[in-house]
Amino acid sequence: MKILVSDPIGDVGVQIFKEEGFEVEIKTGLKPEELYQAIKGVQGLVIRSATKVTKELLDAADDLKVVGRAGTGLDNVDIPEATQHGVVVMNTPGQNSNAAAELALGHIFALSRHIARGHAGMAQGKWEKKQLRGREVKGKTLGIVGLGNIGRILAELGKGVKMNVVGFDPFLSDEQIKERGAEPVRFEDLLAKADYISIHVPKSKETSGLFSAENLGKMKKGAYLINCARGGIVDEEALCDALAAGQLAGAALDVFEQEPLPADSRILAAGDVCCTPHLGANTHEAQENVAVAVAKQMAKYLKTGVAENAVNAPK
Ligand code: NAD
Ligand code: MLT
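The residue numbers shown here count from 1 along each chain, following its written sequence. Chain letters start at A and ligand numbers start at 1, both assigned in the order the entries are written. Note on the predicted model: pLDDT of at least 70 is required for a residue's local features to be given, and 80 or more for side-chain atom pairs to be given and counted; whole-chain, interface and lining totals, by contrast, use all residues. Excluded from the side-chain calculations are hydrogens and water; all other atoms, namely the structure's heavy atoms, are used.

**Student:** Explain the sheet that holds strand β4 (residues 66–69) here, please?
**Tutor:** Pairing between the strands of a sheet comes from backbone hydrogen bonds, and it takes one of two forms, parallel or antiparallel. Strands are treated as partners if at least two bridges between them are detected by DSSP. A run of H or I in DSSP becomes a helix once it reaches four residues, and a run of E becomes a strand once it reaches two; helices and strands are each numbered from the N terminus. One open sheet holds the five strands; their spatial order is β2-β1-β3-β4-β5, and the pairing between them is parallel. One side of each edge strand has no neighbouring strand; the edge strands of this open sheet are β2 (23–26) and β5 (88–90). The average angle at which neighbouring strand axes cross in this sheet is 15 degrees, direction not considered. Two strands pair when backbone bridges link them, and strand β1 (residues 2–5) and β2 are joined in this way by four bridges, in the parallel orientation. When the bridges of β2 are listed, valine 5 appears paired with isoleucine 26. Only heavy atoms enter the contact rule, under which two residues are in contact if any of them lie within 4.5 Å. A fitted line through C-alpha atoms serves as each axis, taken over the contacting stretch for helices, and the angle formed by two N-to-C directions is quoted from 0 to 180°. Its contacts with the sheet put helix α1 (residues 11–19) on β1, β2 and β3 (44–47), and the angle it makes with β2 is roughly 150 degrees. Strand contacts of helix α13 (residues 284–304): β1, β3, β4 and β5, with the helix running at about 165 degrees to β4, the strand carrying the most contacts.

Right under this line is the structure:
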């Protein structure tokens, strides 16, 4: 049986497939038409966030049985179409959560202490000590939107640095949110109360554009927004306007409406902004975890029919 790896994964995952007797083809960065050819004769497709698993790709596949996402987000996969095509879709929940939560905390500190601006100024020969007076996070309110695998780790990290942590998640009870380290609040209250808001929800119909001009306007004046979840959950134009108007003190983005982010994006020129190129899961540890998990899960499914972490159930 053949596995196509269409986005980069750790070598250890490829090794597991080979040890399990699979033929592995690594073809990353393909254009859609090239992918439609490469998918022929393939039983398992391994992706991260770059490959779009569309109806067209599924139509082009002639023997595909499973799509494995080495990571969490599945907004790049048309799951109903995969189900129609009899293709199981699985991800690796929890395997990169610590990495993403640590990046979010890193961004909170980077914004509070102007770390990126300080470095950029020095690289241009400037010593902006006076201009870059920061704020301490101790005693400030951290609002976490989405208390899943990442949000719950960030809640613990936030408490560890003495922040007051509040959380909103409509799919969890107040009791569950408390168990995950946050004080449960309504979304509107989180917007109004938090000094820092960190987003950890999947991209969906409900969460696309959640941080619209209207909701950014409901945030506490001078607060910070951190998005390490998915591009498009924050309206980037509205964010630039909110920063320019001084409604927000700053923002950190790891994910963008368009990736890679064009160099002429307005967000890069905005004031106190810290951007990273989708680095949330980009640690040695997380990439090893997701590669091992996805390879083991896919090999198991293809050999035994047992689907772990499947998000659909084709008949
Ligand atoms: P998860 O499924 O464990 O948690 C998501 C949580 O969001 C769940 O508890 C769910 O109930 C909640 N939720 C759903 N809709 C909501 C809404 N409208 N409002 C509030 N809460 C809502 O997922 P996770 O592992 O914590 O990851 C979250 C997202 O982060 C992923 O879907 C992915 O898009 C993104 N992610 C990004 C990176 C990165 O590299 N930047 C890395 C990992 C994950
Ligand atoms: C994820 O959803 O797991 C992230 O986007 C991580 C990634 O694949 O880079």
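Further notes follow.
**Student:** What am I meant to see in the site of ligand 2 here?
**Tutor:** If a single non-hydrogen atom of a residue is within 4 Å of a molecule or strand, that residue counts as near it. In the vicinity of ligand 2, the contacting residues are Arg48, Arg69, Gly71, Thr72, Gly73, Asn96, Arg230, His278 and Ala281. For this analysis, a polar contact is any N or O atom pair within 3.5 Å, provided that within protein one partner can donate a hydrogen and the other can accept it, and provided that sequence-adjacent residues contribute only side-chain to side-chain pairs. Arginine 69 places a polar side-chain atom, nitrogen or oxygen, 2.7 Å from an oxygen atom of ligand 2. At a separation of 2.8 Å, an oxygen atom of ligand 2 approaches a polar side-chain atom of asparagine 96. Its free accessible area being 270 Å², ligand 2 has 91% of it covered by the protein chains. Among the residues forming the shell around ligand 2, the class breakdown is one nonpolar, five polar and three charged. Computed with the Shrake-Rupley method and a 1.4 Å probe, the accessible areas treat only the protein chains shown as cover for residues. Residue polarity follows a fixed list, in which Ala, Val, Leu, Ile, Met, Phe, Trp, Tyr, Cys and Pro are nonpolar, Asp, Glu, Lys and Arg are charged, and the others, Gly among them, are polar.

**Student:** Mind showing me how you'd approach helix α7 (residues 149–160) here?
**Tutor:** For an α-helix, the turn length of 3.6 residues means that residues three or four places apart are oriented alike. Expected span of a helix, by definition, is 1.5 Å for each gap between consecutive residues, and there is one gap fewer than residues. A rise of 1.5 Å per residue sets the reference length of α7, with its 12 residues, at 16 Å; its end C-alpha atoms lie 17 Å apart and thus fit the reference within 8%. If you follow the buried residues of α7, they end up packed against α5 (97–112), β6 (141–145), β7 (164–168) and β9 (196–199). Downstream of α7 by one or two residues, lysine 162 has phi in the positive range, about 70 degrees.

**Student:** Looking at this structure, how should I read the domain arrangement of the protein chain?
**Tutor:** Note on interface size: it is often stated as the accessible area lost on association of the parts. Where each domain starts and ends follows an automatic or database-derived domain assignment. What the domain assignment lists for the protein chain is domain 1 (2–95 + 284–304) and domain 2 (97–275). Just the C-alpha atoms count here: the centres of domain 1 and domain 2 sit 31 Å apart. Counting residues at the interface gives eight residues for domain 1 and five residues for domain 2. Carbon and sulfur atoms make up 43% of the surface buried where domain 1 meets domain 2, a total of about 460 Å² over both sides. By the criterion of area lost to domain 2, the three top residues of domain 1 are Asp75, Gly94 and Ala286, representing 66% of everything that side buries. Across the pair aspartate 75 and arginine 230 runs a salt bridge, and its minimum N-O distance is 3.0 Å. Linking domain 1 with domain 2 are two residue pairs in polar contact (both at pLDDT 80 or more). Split into classes, the residues belonging to the side of domain 1 that touches domain 2 amount to two nonpolar, four polar and two charged. A quick way to say it: buried area is the sum, across both parts, of accessible area lost when two parts are put together, with a 1.4 Å probe. The rule for a salt bridge is simple: a side-chain nitrogen of Lys or Arg has to be within 4 Å of a carboxyl oxygen of Asp or Glu.

**Student:** I would appreciate a short explanation of the nonpolar core in the present structure.
**Tutor:** The nonpolar side chains of a soluble globular protein tend to be buried with one another. Here, nonpolar core refers to any group of buried Ala, Val, Leu, Ile, Met, Phe, Trp, Tyr and Cys residues whose side-chain atoms link them within 4.5 Å. Under the scheme applied here, a residue whose accessible area is under 20% of the maximum for its type counts as buried, over 50% as exposed, and between as partly exposed, the area being computed with a 1.4 Å probe on protein chains only. Ile197, Phe211, Leu216, Met219, Leu225 and Leu239 are the most contacted members of the largest nonpolar core, which has 31 residues in total. For this core, the elements supplying multiple residues, two or more each, are α9 (187–193), β9, β10 (223–227), α11 (236–244) and β11 (248–253). Here the element with the most residues in this core is α11; it accounts for five residues. Not counting residues within four places of it along the chain, the set of residues in contact with leucine 239 comprises Leu216, Leu225, Val234, Leu248, Ala251, Leu253 and Ile267. Counting residues in hydrophobic clusters, the runner-up holds 26 residues, among them Val137, Ile177, Tyr196 and Cys228.

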